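Fold and contact review
As a plain string of letters, each chain reads:
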Amino acid sequence: MSYKITVLPGDGIGQEIMVQALRFLKVVAEKFDVSFQLEEKQIGGTSYDLFGNPLTEDTLESCYASDAVLLGAVGGYKWESLEHHLKPEAALLKLRKSLDLYANIRPARVYKSFLEASSLKNEILDGTDFVVLRELTGGIYFGQPRGYDKNEGYNTMRYSRPEVERIARQAFEIAKTRGKRVTSVDKANVLEVSQFWREVGKEVHKDYPEIELNHMYVDNTAMQIVRNPRQFDVMLTSNLFGDILSDIAGMITGSLGMLPSASIGEKYALYEPVHGSAPDIAGQNKANPIAMIASVAMMFEYSFQMSHAAKLIDEAIERTLKKGLRTVDIQQQGMKLVSTVEMTDAIINQFEEVANEQAVGMFLL
Ligand code: IPM
Ligand code: MN
């Protein structure tokens, strides 16, 4: 098999963690019967500096012609005062919208060797394994009217029936493959749009009697994630609420530097870390490459049906952490502080080791 991937390193640490992700693609291509055709393009501030536009037609065309898109991160102080539509973040939003990537999957899973690193106690955290399913192309991020002048600023949170139906369906489908529970998060005690979200969710649920559905207000959910995260399996939520809740979920699992994400539509898919471009440590070989590498694993699983490769990567990350290697964001006493490149070297070594063990295992069978 051969797959075409558009590679968008973006800004800040996006550049250096993407280099590490590409090393992984090479290793996987050598191990498995698969090849990757990579096309690197610009997005975000880097694109703005080159072309005066944070997302060019050329980049979009390449994404349309790809089997998957890999993205590093966008944003940075340098571009903060640009007009709204020229900001790096606007490019990311436009890309998500153009590819119709309505379902954003952000797993919140705790690596076992990592329990100590969380700001939560072990006994609260142990066994936490849920996914935030965030609606990504609607809601207040895109609703019209929007704008501001001297006297007021406004945005509109709106959802159409098809938008809620398709994301709710995704939630139930994902729950089928997991713990069979969906928590739909809203603010239905205040917002009509949430009332609507809740009603449509209930209707879609009728097709999934084997899945348990409950509803939770977003403020309570924020509290429940840090009080008892094990209660969640699939958290279904709208764009803005999902943005906020996935950062909370990321932090309880140790560091945002560990969390991958998949954004999926009917035709296209994009994989990116949940963390941002971290301009303060960019270019210093300090960034944690794990979220990016785990995003590559998600790409193997969701876009290429190579879940065996995805599992090997996850296992390699787990073993590397167990060996005590830590980048600066997850630094702990008594552990070995390593750079971006060293962390990737170690994960690749572990990957080779696990793959060989499995090959030997298969041979003996
Ligand atoms: C995220 C980010 C983006 C978002 C920004 C960079 C536009 O915070 O992917 O969570 O708000 O969706
Ligand atoms: Mn965010």
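Just so you know, these numbers come straight off a predicted model, no measurement behind them.

Right, let's get into the packing of aromatic side chains. A complete count under the given rule lists nine aromatic pairs for this structure. Here the aromatic residues Tyr3, Phe36, Phe300 and Phe304 are joined through ring pairs into a cluster of three or more. When the ring centre of Phe142 is taken as origin, the NZ or CZ atom of Lys97, which lies over that ring, is 4.8 Å away. Arg134 extends its terminal NZ or CZ atom over the ring of Tyr141, reaching a point 5.2 Å from the ring centre.

Turning our eyes to something else, we now look at the packing of helix H1 (residues 13-31) against helix H10 (residues 290-302). Running from N to C, H1 and H10 point in directions that differ by 40°, and their axes come no closer than 9 Å. By the angle class used here, H1 and H10 are oblique. Every pair of crossing elements has a handedness; the one defined by H1 and H10 is right-handed. Between H1 and H10, the residues in contact are Ile17, Met18, Ala21, Phe24, Leu25 and Val28 and Met292, Ile293, Val296, Met299 and Phe300, respectively. Grouping the constituent residues of the contact of H1 with H10 by class yields eleven nonpolar, no polar and no charged.

Considered domain by domain, the protein chain is made up of domain 1 (1-109 + 258-365) and domain 2 (119-252). Of note, the centres of domain 1 and domain 2, computed from C-alpha atoms alone, are 24 Å apart. Buried area between domain 1 and domain 2, summed over both chains or domains, comes out near 1700 Å², and the portion from carbon and sulfur atoms is 60%. In terms of surface lost to domain 2, no three residues of domain 1 exceed Tyr102, Arg106 and Ala108, which account for 37% of the buried area on that side. One can count one salt bridge joining domain 1 with domain 2.

Within the structure, ligand 1 sits among Glu89, Arg96, Arg106, Arg134, Tyr141 and Asp243. Here Arg96 contributes a side-chain N or O atom positioned 2.7 Å from an oxygen atom of ligand 1. A distance of 2.8 Å is found between an oxygen atom of ligand 1 and a side-chain nitrogen or oxygen belonging to Arg106. Relative to its unbound accessible area of 320 Å², ligand 1 is 77% covered by the protein chains. Broken down by class, the residue content of the shell around ligand 1 amounts to one nonpolar, no polar and five charged. For the shell around ligand 1, the two domains that each supply at least three residues are domain 1 (1-109 + 258-365) and domain 2 (119-252).

Time to look at the environment of Asp11. In this structure, Asp11 sits in the loop between strand S1 (2-10) and H1. Note: C-alpha distance between Asp11 and Thr46 (35 residues apart in sequence) is 6.0 Å. Beyond its immediate chain neighbours, meaning those up to four positions away, Asp11 contacts Ile43, Gly44, Gly45, Thr46, Ala73, Val74, Gly75, Trp79, Pro88 and Ser277.

Looking now at the pattern of salt bridges. Side chains that carry opposite charge are capable of pairing whenever their charged atoms lie near each other. This structure, assessed with the given rule, holds 21 salt bridges. A salt bridge links Glu318 to Lys112; its shortest N-O distance comes to 4.0 Å. On the criterion of sequence distance, the pair formed by Glu318 in helix H11 (residues 307-322) and Lys112 in the loop between strand S4 (103-109) and helix H5 (122-125) is long-range, its members being 206 residues apart. Taking the relative accessible area as the measure of exposure, Glu318 reaches 12% and is therefore buried. When the shortest N-O distance is used, the salt bridge between Asp129 and Arg178 registers 3.3 Å. Of this pair, Asp129 sits in strand S5 (residues 129-135) while Arg178 sits in the loop between helix H6 (161-176) and strand S8 (181-186); the two residues are 49 residues apart in sequence, bridging distant segments of the chain. The exposure class assigned to Asp129 is partly exposed, which follows from its relative accessible area of 38%.

The subject of this paragraph is the nonpolar core. Core analysis: the biggest nonpolar cluster contains 75 residues, and Met299, Phe300 and Ile313 have the highest contact counts within it. Here the element with the most residues in this core is H10; it accounts for nine residues. Counting contributing residues, this core receives three or more from each of domain 1 (1-109 + 258-365) and domain 2 (119-252). Ignoring sequence-local partners within four residues, the contact set of Phe300 consists of Leu25, Val28, Phe36, Gln305, Met306, Ser307, Ala309, Ala310 and Ile313. Val110, Phe130, Val132 and Leu245 belong to the second-largest nonpolar core, a separate cluster that totals 17 residues.

Further remarks concern the pairing of strand S12 (residues 269-273). Within S12, five of the five residues are buried, leaving the element largely enclosed by the surrounding structure. Residues Ala269, Tyr271 and Pro273 point to one face of S12 and Leu270 and Glu272 to the other, with burial holding for every one of them. Across two bridges, the pairing between strand S3 (residues 68-73) and S12 is parallel. Within S12, the position partnered with Leu70 by the bridge is Tyr271.

So, on to H10. The periodicity of an α-helix, 3.6 residues per turn, causes residues three or four places apart in sequence to face the same way. The terminal C-alpha atoms of H10, which comprises 13 residues, lie 18 Å apart, in line with the 18 Å expected from a rise of 1.5 Å per residue. Here H10 lies mainly inside the structure; eleven of its 13 residues are buried. Among all positions in H10, only Ile290, Ala291, Met292, Ile293, Ala294, Ser295, Val296, Ala297, Met298, Met299 and Phe300 are buried.

What counts, and at which threshold
- Every chain's residues receive numbers from 1 upward, in the order its sequence appears when written.
- Lettering for chains starts from A, numbering for ligands starts from 1, and both go in the order in which the items are written.
- Two thresholds apply to this predicted model, a pLDDT of at least 70 for residue-level local features and 80 or more for giving and counting side-chain atom pairs, whereas whole-chain, interface and lining totals are computed over all residues.
- Values reported for side chains reflect all heavy atoms of the structure, with hydrogen atoms and water molecules removed beforehand.
- Between the rings of Phe, Tyr and Trp (Trp by its six-membered ring), a pair exists once the centres lie within 6.5 Å; its type follows the angle of the planes, with under 30 degrees stacked, over 60 edge-to-face, and the other angles tilted.
- Should the NZ of a Lys or the CZ of an Arg lie within 6 Å of a ring centre and within 35 degrees of the ring normal, that charge is described as sitting over the ring.
- Think of each axis as a best-fit line through the C-alpha atoms, taken over the contacting stretch in the case of a helix, with angles from 0 to 180 degrees between the N-to-C directions.
- Strands are runs of DSSP state E lasting at least 2 residues, helices are runs of H or I lasting at least 4, and numbering of each runs from the N terminus.
- Note on terminology: angles under 35 degrees are roughly parallel, angles over 145 are roughly antiparallel, angles of 65 to 115 are roughly perpendicular, and the others are oblique.
- Crossings are sorted by hand: turned counterclockwise from the far helix by less than a right angle, the near helix makes the crossing left-handed, and turned clockwise it makes it right-handed.
- Any two residues having at least one pair of non-hydrogen atoms within 4.5 Å are treated as being in contact.
- Note on residue categories: nonpolar means Ala, Val, Leu, Ile, Met, Phe, Trp, Tyr, Cys or Pro, charged means Asp, Glu, Lys or Arg, and polar means any other residue, Gly included.
- Domains are outlined according to an automatic or database domain assignment.
- Each of two parts loses accessible area, computed with a 1.4 Å probe, when they are put together; buried area is these two losses added.
- By salt bridge we mean one thing: a side-chain nitrogen of Lys or Arg within 4 Å of a carboxyl oxygen of Asp or Glu.
- Consider each residue's heavy atoms; a residue with any of them within 4 Å of a molecule or strand counts as near.
- We call two N or O atoms a polar contact when they sit within 3.5 Å, provided that within protein one can donate a hydrogen and the other can accept it, with sequence-adjacent residues counted only if both atoms are side-chain atoms.
- Here, Shrake-Rupley sampling with a 1.4 Å probe gives the accessible areas, and only protein chains in the shown set may cover a residue.
- For the exposure calls, accessible area comes from a 1.4 Å probe over protein chains only, and a residue counts as buried if that area is under 20% of its type's maximum, exposed if over 50%, partly exposed in between.
- In these notes, a set of buried Ala, Val, Leu, Ile, Met, Phe, Trp, Tyr and Cys residues joined through side-chain atoms within 4.5 Å is what counts as a nonpolar core.
- The criterion for strand pairing is that DSSP finds at least two bridges linking the strands in question.
- Any helix carries an expected span of 1.5 Å times its number of residues minus one.

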